[in-house]
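For reference, the chains in residue letters:
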Amino acid sequence: ALAGNLMGVGPTDAQLASAGKLLAYLLTLLGLSRESIRAHKDFVPTACPGDQWDGGIKWHDKLMAEVEKAR
């Protein structure tokens, strides 16, 4: 989870970098593929993680790039 209201904006570069490192570590530790990284809204009806996750600035793509950089 990332702190903040992510409606209209994405997470900071620092948040993306640290989340990418953590996710890369967890994927390796648990033997999971990057497709295992999903948004809260993929499981329940919610706006989380905000309208910029997969639209607008698409911070999902930025997060995945950070994960790949950390692997």
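**Q** An account of the environment of glycine 20 is needed here, citing residue identities and associated values.
**A** The residue glycine 20 is located in helix α1 (residues 13-30) in this model. Assessed through its relative accessible area of 0%, glycine 20 is described here as buried. Contacts of glycine 20, omitting those with residues within four sequence positions, involve Leu63, Glu66, Val67 and Ala70.

**Q** Give a detailed account of the environment of glycine 4, specifying residues and quantitative values.
**A** Considering the arrangement of structural elements, one finds glycine 4 in the segment before α1. Take glycine 4: its relative accessible area is 60%, and that puts it in the exposed class. On a C-alpha basis, the gap between glycine 4 and glycine 50 in space is 9.9 Å, while along the polypeptide they are 46 residues apart.

**Q** Which residues make up unusual backbone geometry, and what are the values?
**A** What you tend to see is this: most non-glycine residues have negative phi, and most peptide bonds are trans. Cis geometry marks the peptide bond from cysteine 48 to proline 49; its omega dihedral reads 20°. Of note, proline 49 is situated in the loop between α1 and α2 (59-70). The backbone of lysine 58 shows a phi angle near 50°, a positive value even though the residue is not glycine. Within the element layout of this structure, lysine 58 appears in the loop between α1 and α2. Judged by its relative accessible area of 40%, lysine 58 falls in the partly exposed class.

Rules used throughout
Residues numbered from 1 in each chain as written. Predicted model: local features only at pLDDT ≥ 70, side-chain atom pairs only at ≥ 80, totals over all residues. Heavy atoms only, no water. Helix = DSSP H or I, 4+ residues; strand = E, 2+ residues; numbered from the N terminus. Buried < 20%, exposed > 50% of the residue type's maximum accessible area, 1.4 Å probe, protein only. Contact = heavy atoms within 4.5 Å.

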